[in-house]
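Chain and residue survey
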Amino acid sequence: MTSKSCTPYYYRPFTLDPLGCDAVTIGHNFRHYLSYHLGRFQGCAQNYIYEALAYTVRDRLMVDWRHTWNTQLQPGTRRAHYMSLEFLIGRSLGNHLLNMGIRTATDQAMLDYSQKLEDVLEQEPDAGLGNGGLGRLAACFMDSCATLRLPVIGYGLRYEYGMFRQYIENGYQKEATDHWLQNGNPWEIERIEYTQHVQFGGYTEHYHDQQGRARARWVGTDDILAIPFDMPVSGYRNRTVNTLRLWKAAATDEFNLDQFNAGSYTEAVQAKNQAEHISMVLYPNDSSENGKELRLRQQYFLASASIKDAMRIWVRHGEFEYHHFAAENVFQMNDTHPTIAVAELMRILLDDKGVEWEDAWAITSQCMAYTNHTLLPEALEKWPVSLFERLLPRLLEIIYEINARFLRTVSMKWPGDTDRQRRMSIIEEGPVRYVRMAWLAIVGSFSVNGVAALHSQLLRDGLFHDFYQLWPEKFNNKTNGVTPRRWIAYANPGMTALISEHIGDEWIADLGQIERLKQLVSFDNKAFHAHWRAVKLANKQRLAALVKSECHVEFDPAALFDVQVKRIHEYKRQLLNVLHVVYLYLRIKHGNLDNWVNRCVLIGGKAAPGYYMAKSIIKLINNVADVVNNDPDVNGRLKVAFIPNYRVSAMEVIAPATDLSEQISTAGKEASGTGNMKFMMNGAVTIGTYDGANIEIMDAVGTENFFLFGLHAEQVETLRHDYRPWEYIERDQALHDVIDLLRCGHFNQSEPGIFDSILDSMLSASDPWMTVADFRSYVDAQHAVALAWQDTEKWTQMSIMNTACSGFFSTDRTMQEYNREIWKLVQPPVEMTPGVLSPDVE
Ligand code: 26W
């Protein structure tokens, strides 16, 4: 670059006219995009309307986005990097309109164009870059960090294909690809200038540098390019726009050239294809790792590109003294998926920057923090050493050295306790040797947290006990939350208006204030209660329409809406829900209708494509639904529907319409749950086990406003040694009848035997989920639900109380806790520079 182009003259700030946010200007800008940029006119396909509007809105984020970025990059600013293989963002347009406060103006602008804004919003495909709870949590965290003006950058992968689309054929789940980028993504900005190189394969060379120090370098590698795509994350009405940086994999030119020179053009193009596979598809497993090489490639690709980017930014903005790196940078690892970052940061400091081991380790272990999201043993990631050796040989060497030094610490503390050393080793010994990623994460981090009080307790007492004894100070809890912007203000505008009418609207950015609704719980607030019910009813009508169109089942909005939506997994016990449905069906068939309450049971969720049992459960739900919905004796008393393709945008319709939230996992298995919080905020009452965040929800709302049932976590573990499910069946006639009806093939007349494996597992002494053990107490709790529902006033009170007590479950609170106890970031001072773009510091 010539010196001329770097003169201050070139960098002189320029002023932009602020973009108008009135309906006329928005409409004008929208038509400009539609006609001049997209080349479309009136009568074009609706997705172009969406696209033009998205660009119009993005323009209005741009100055604040740039300003926020520049502020965060000031030298001396401490930054957090949220590293996650998943960000389940959903749709963005409506969310930005809400945050920017331009929904009404945009509504009008669309009306002027003879369009309904709601219809335009429906055009946006969900960014489904996550499986479930863990991915959605990352998205809610990003929202709260922007609202709290915390300098947090999200790092993830820009999957070409997100979570698969689920459709149902003859009751079975079928998977279709989700090519969410097909029509482009108007939110993202490609920043090719910040491309990183990521190495794979090759081997290590050991050598001595000019000072005679032993050094290593990783050579002979196949390099892949990581190209960043930035997505804006707007804060709520605060002129702050944070960044979510997603990496796309691409082939390097060198990569192609070698082969091209060898005369094999098509092979060169194929190599390009291979490279781009890395960010092609999200793995759809949400609880078990299948050890695929491509998945490990994804993990290293994310970790390496992100750390290099963070370091580039930090070095560029004033720093070069590596010992200070940890003072200004913290990395939060969302589960073990990105924890190869521990070894990667070590590698960069040792090999590239020439830092000594002790110093490199001090830096690394002071800037890494790890969040665990599951206790299920099958979800704990471990990678075969042989795979590591082939793909990441230099990283394996570093892991060995970390482990050797760590095991010395262990043996100093517990001399001669070889069993403990074996348990704690990062390398699992055996016929096949593995790298235990959770152990690497704990050893390499200064903070290890669970996601609900019970879960963090179980980590300390069980899975991570050895490590807790060694480093009690590392362990902490951060109970999850959800963002009230998306999950109340955007998803439930009726309730939002009603609440704000009574307590003002500050609760949206300060959910603790929603507690003031408690003043309105007593019976004398008749008008408010009636209004509350009217809002719920309208939301139920909206959901009923969705169920009608998606499932061809008629839901009566006057009935109790009983909902369980989440990934399909045995531990979440959709089966227990089905047993209850069959129990209700038998009551109808037997004419046992005392205290009957009409119910609409809605179940939804995706099964991992390779998870046979979960897929059978979906088939069972659909078959039961079919029989129940078509039996004339049922006569509308009970409806059952399985909603296909459950996703973020579906939950935005489901949560506001739900009366009863099903949170019925085997105690001790659900780390936290976050759907439970979305339902609670929207005035649903929970029926749940003593598990995950359910416990904290019940503490907040009071036992009288929560339907608790089932064994506790310790009871589950005790019972495991001598579990005899058949005895529950012998003792309980109702359960007996339910099992008999399932066994005799009533729900699978034309497909004999297809549910045998489900029944066998439920009736096995080794059923880890203990479904039948909780049947009686679940049914009793459901009776209590029915009685409460019959007293409309009582139910309204419970509903209001649930919303009023949900303040703790905002991710604003969660993020403040992460910041106070782990990240220790400082909010930048508020200084607005509307319309002025400062020079490009980046
Ligand atoms: C190895 C593949 C894989 C992928 C995802 C293993 C494990 C996972 C996670 C366990 C998936 C997950 O979403 N966990 C959920 O995280 C939520 C946010 O903390 C919690 O609320 C849920 O209880 C937990 O199941």
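These figures come from a predicted structure and were not determined experimentally.

About the cut-offs
Residues numbered from 1 in each chain as written. Predicted model: local features only at pLDDT ≥ 70, side-chain atom pairs only at ≥ 80, totals over all residues. Heavy atoms only, no water. Pairing = 2+ DSSP bridges. Helix = DSSP H or I, 4+ residues; strand = E, 2+ residues; numbered from the N terminus. 1 Å grid on protein atoms, 1.4 Å probe; cavity = no way out; pocket = protein on both sides within 12 Å on 5 of 7 lines; lining within 4 Å. Points joined across faces, edges and corners; volume = space filled by probe spheres on them. Buried < 20%, exposed > 50% of the residue type's maximum accessible area, 1.4 Å probe, protein only. Contact = heavy atoms within 4.5 Å. Axes fitted to C-alpha atoms, helices over the stretch in contact; angles between N-to-C directions. Disulfide = S-S within 2.5 Å. Near = heavy atom within 4 Å. Polar contact = N/O pair within 3.5 Å; in protein donor to acceptor, adjacent residues only side chain to side chain. Areas by Shrake-Rupley, 256 points an atom, 1.4 Å probe, with all protein chains shown as cover. Nonpolar A, V, L, I, M, F, W, Y, C, P; charged D, E, K, R; others polar. Phe/Tyr/Trp six-rings, centres within 6.5 Å; stacked < 30°, edge-to-face > 60°. Expected span 1.5 Å × (residues − 1). Salt bridge = Lys/Arg side-chain N within 4 Å of Asp/Glu carboxyl O.

It is worth spelling out the sheet that holds strand S17 (residues 427-428) at this point. As summarised here, the arrangement of the three strands in space is S16-S18-S17, forming an open sheet in which the pairing is antiparallel. Looking at the sheet topology across the chains shown, the edges are occupied by strand S16 (382-384) and S17. Pairing of S17 with strand S18 (residues 434-436) involves two bridges; the strand directions are antiparallel. The residue bridging Glu428 from the neighbouring strand is Tyr434, located in S18.

This part covers empty space enclosed by the protein. Taken as a whole and judged by the stated rule, the model has seven cavities of 30 Å³ or more. Volume-wise, the largest cavity comes out at about 240 Å³. Lining the largest cavity are 18 residues; nearest its centre among them are Ile89, Asn95, Pro232, Val233 and Arg486. Residue assignment for the lining of the largest cavity shows that the elements contributing at least two residues are strand S3 (87-90), helix H3 (93-100), helix H6 (133-147) and strand S12 (222-234).

Our focus in this paragraph is unusual backbone geometry. The phi dihedral of Arg149 is positive, around 55°, even though this residue is not glycine. Tracing the sequence through the fold places Arg149 in the loop between H6 and strand S5 (152-157). With a phi angle near 55°, His552 is a residue other than glycine that sits in the positive phi range. Residue position: His552 is located in the loop between helix H21 (526-551) and strand S21 (560-565). Given the relative accessible area of 66%, His552 is considered exposed.

The strand order across the open sheet formed by six strands is S23-S22-S21-S24-S25-S26, and the pairing between neighbours is parallel. Sheet topology places strand S23 (638-643) and strand S26 (707-708) at the edges, where each strand pairs with a single neighbour. In this structure, strand S25 (residues 685-688) lies alongside S26, joined through two bridges in parallel fashion. Within S26, the residue paired with Gly688 across the bridge is Leu708. Where helix H23 (residues 612-630) meets the sheet, its contacts fall on strand S22 (599-604) and S23, and the angle it forms with S23 comes to roughly 145°. In the packing of helix H32 (residues 792-804) onto the sheet, the strands contacted are S21, strand S24 (660-663), S25 and S26, and the crossing angle to S25 comes to about 85°.

The full count for this structure, using the stated rule, is zero disulfides. Of all cysteine sulfurs in the structure, the one in Cys145 sits closest to Cys367, which takes part in no disulfide; the separation is 18 Å.

The next thing to look at is the environment of Phe388. Residue placement: Phe388 occurs in helix H13 (residues 385-391). Judged by relative accessible area, which is 0%, Phe388 ranks as buried. C-alpha separation for the pair Phe388 and Arg91, spaced 297 residues apart in sequence, amounts to 37 Å. Residues contacting Phe388, with those up to four places away along its chain left out, are Leu296, Ile340, Trp383, Pro393, Leu396, Ile399, Val435 and Met437.

Near the ligand, the surroundings consist of 20 residues, among which Leu134, His373, Asn480, Glu670 and Gly673 are the closest. Here Glu670 contributes a side-chain N or O atom positioned 2.6 Å from an oxygen atom of the ligand. Interatomic distance of 3.0 Å between a backbone N/O atom of Ser672 and an oxygen atom of the ligand. Contact with the protein chains hides 96% of the accessible area of the ligand, taken as 560 Å² for the molecule alone. In terms of residue class, the shell around the ligand is made up of six nonpolar, ten polar and four charged.

Here strand S15 (residues 368-371) shows no split at all, with Met368 and Tyr370 on one side and Ala369 and Thr371 on the other all buried. Bridging between strand S14 (residues 329-334) and S15 involves four bridges; their strand directions are parallel. Note that in S15 the partner of Asn334 across the bridge is Thr371. Sheet topology places S15 next to strand S19 (residues 447-450); three bridges connect them, and they run parallel. Bridged to Tyr370 within S19 is Val448.

Evaluated as defined, the whole model comprises 29 aromatic pairs. Taking the centre distance of 5.7 Å and the plane angle of 80° together, the rings of Phe200 and Tyr300 count as edge-to-face. Placement of Phe200 in strand S9 (residues 196-200) and of Tyr300 in helix H9 (residues 293-316) is noted, with a sequence separation of 100 residues between them. Both residues of the pair, Phe200 and Tyr300, count as buried. A ring pair is formed by Trp439 and Phe464, whose centres lie 5.9 Å apart and whose planes are at 80°; its orientation type is edge-to-face. Taken as a pair, Trp439 in helix H16 (residues 437-444) and Phe464 in the loop between helix H17 (453-461) and helix H18 (465-470) lie far apart in primary sequence, 25 residues in all. Side by side, Trp439 and Phe464 carry an identical accessibility label, which is buried.

Helical geometry: 3.6 residues make up each α-helical turn, so side chains three or four residues apart lie on a common side. The first and last C-alpha atoms of helix H14 (residues 393-413) sit 31 Å apart over 21 residues, in line with the 30 Å expected at 1.5 Å per residue. Every buried residue of H14 is listed here: Pro393, Arg394, Leu395, Leu396, Ile398, Ile399, Ile402, Asn403, Phe406, Leu407 and Val410.

Moving on, we get to the pairing of S19. Here S19 shows two buried faces, one formed by Ser447 and Asn449 and the other by Val448 and Gly450. When S19 meets strand S20 (residues 475-477), the two strands line up parallel, connected through three bridges. Bridge pairing in S20 places Gly450 opposite Asn477.

Moving on to the pattern of salt bridges. Tallied over the full model, the rule gives 57 salt bridges. Between Arg599 and Asp562 there is a salt bridge whose closest N-O contact spans 2.8 Å. Taken together, the residues span a long stretch of sequence, with Arg599 in strand S22 and Asp562 in strand S21 at a distance of 37 residues. Of the residues examined, Asp562 reaches a relative accessible area of 0% and is grouped as buried. Among the ionic pairs, Lys589 bridges to Asp633, the shortest N-O distance being 2.8 Å. Here Asp633 lies in the loop between H23 and S23 and Lys589 lies in helix H22 (residues 574-589), a separation of 44 residues in the sequence. For Lys589, a relative accessible area of 35% gives the class partly exposed.

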